[in-house]
Amino acid sequence: MESRNEMNEYAQMAMHHWQIHRPSEYAQIPDPESHFAALGQQAQERAVQIEEDVVRSIPTSQDYLDSVARRNQARATAREIVLADLLLPPEEAPETVTDPQQRDPLDGLIDPTGMPTDPNHPLWEDLENEAISPSEFQRRRKAWIASLPTR
């Protein structure tokens, strides 16, 4: 089968993601390189199909640069969709903690990147707002985290 250096970009990203974020599941894969090479190939094929579907759904243009921009946007959209599916976290295990004192008070409030799990939280708007500098955004994010219940 393919070596790691011959894996496509999707395969390499998925393999790296699992090694870091899902190590126990990664350790259970008998042949990780073959597994992720096949997964990467499937992801690549899906990205191409999504890109073609998006391109077909966009009105055609006589302007060459407009057509190139639309194709690039379709490619970016396909990549975003495929990566979201490829790097999804594992399904959460059923809650086994029965004592409320043992639960982490941050469960369900903050994601692994340090952002709110609520997509309507103002920090998500701040992230997209070009008028807010990265340092101001980090200040706001840290203030929000400091306002959360302590572990």
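For clarity, every value in this text was computed on a predicted model and none was experimentally measured.

1. Considerations on the packing of aromatic side chains
On inspection of all chains with the given rule, the structure shows two aromatic pairs. Here the aromatic rings of Tyr26 and Phe36 are separated by 6.0 Å at their centres, their planes lie at 25 degrees, and the arrangement is stacked. Taken together, the positions of Tyr26 in helix 2 (residues 23-27) and Phe36 in helix 3 (residues 32-57) put the pair 10 residues apart, joining distant regions of the chain. Summarising the burial analysis for this pair, Tyr26 and Phe36 share the class buried. Following the ring pairs from residue to residue traces out a cluster consisting of Trp18, Tyr26 and Phe36. Lying over the aromatic face of Trp18, Arg22 brings its terminal NZ or CZ to 3.9 Å of the ring centre.

2. A look at the confidence of the model for the protein chain
With 79% of its residues at a pLDDT of at least 70, the protein chain reaches an overall mean of 78. Low pLDDT, under 50, characterises residues 92-100; the predicted model gives this stretch three contacts beyond four residues in sequence or across chains.

3. A look at helix 1 (residues 9-21)
Relative to the 18 Å expected for 13 residues at 1.5 Å per residue, helix 1 spans 18 Å between its end C-alpha atoms, a close match to the ideal helical length. All of the buried residues along helix 1 are Tyr10, Ala11, Ala14, Met15, His17 and Trp18. Mapping the buried residues of helix 1 onto a view down its axis gives an arc of 160 degrees, with all of them on the same face. Buried residues along helix 1 sit in contact with helix 2, helix 3 and helix 4 (64-86). Structurally, the start of helix 1 carries an N-cap: the backbone nitrogen of Tyr10 is 3.0 Å from a side-chain oxygen of Asn8.

Here is what the cut-offs are and how they apply
- Residues numbered from 1 in each chain as written.
- Predicted model: local features only at pLDDT ≥ 70, side-chain atom pairs only at ≥ 80, totals over all residues.
- Heavy atoms only, no water.
- Phe/Tyr/Trp six-rings, centres within 6.5 Å; stacked < 30°, edge-to-face > 60°.
- Helix = DSSP H or I, 4+ residues; strand = E, 2+ residues; numbered from the N terminus.
- Buried < 20%, exposed > 50% of the residue type's maximum accessible area, 1.4 Å probe, protein only.
- Lys NZ or Arg CZ within 6 Å of the ring centre and 35° of its normal.
- pLDDT = per-residue confidence, 0-100.
- Contact = heavy atoms within 4.5 Å.
- Expected span 1.5 Å × (residues − 1).
- Arc of directions from axis to C-beta.
- Polar contact = N/O pair within 3.5 Å; in protein donor to acceptor, adjacent residues only side chain to side chain.

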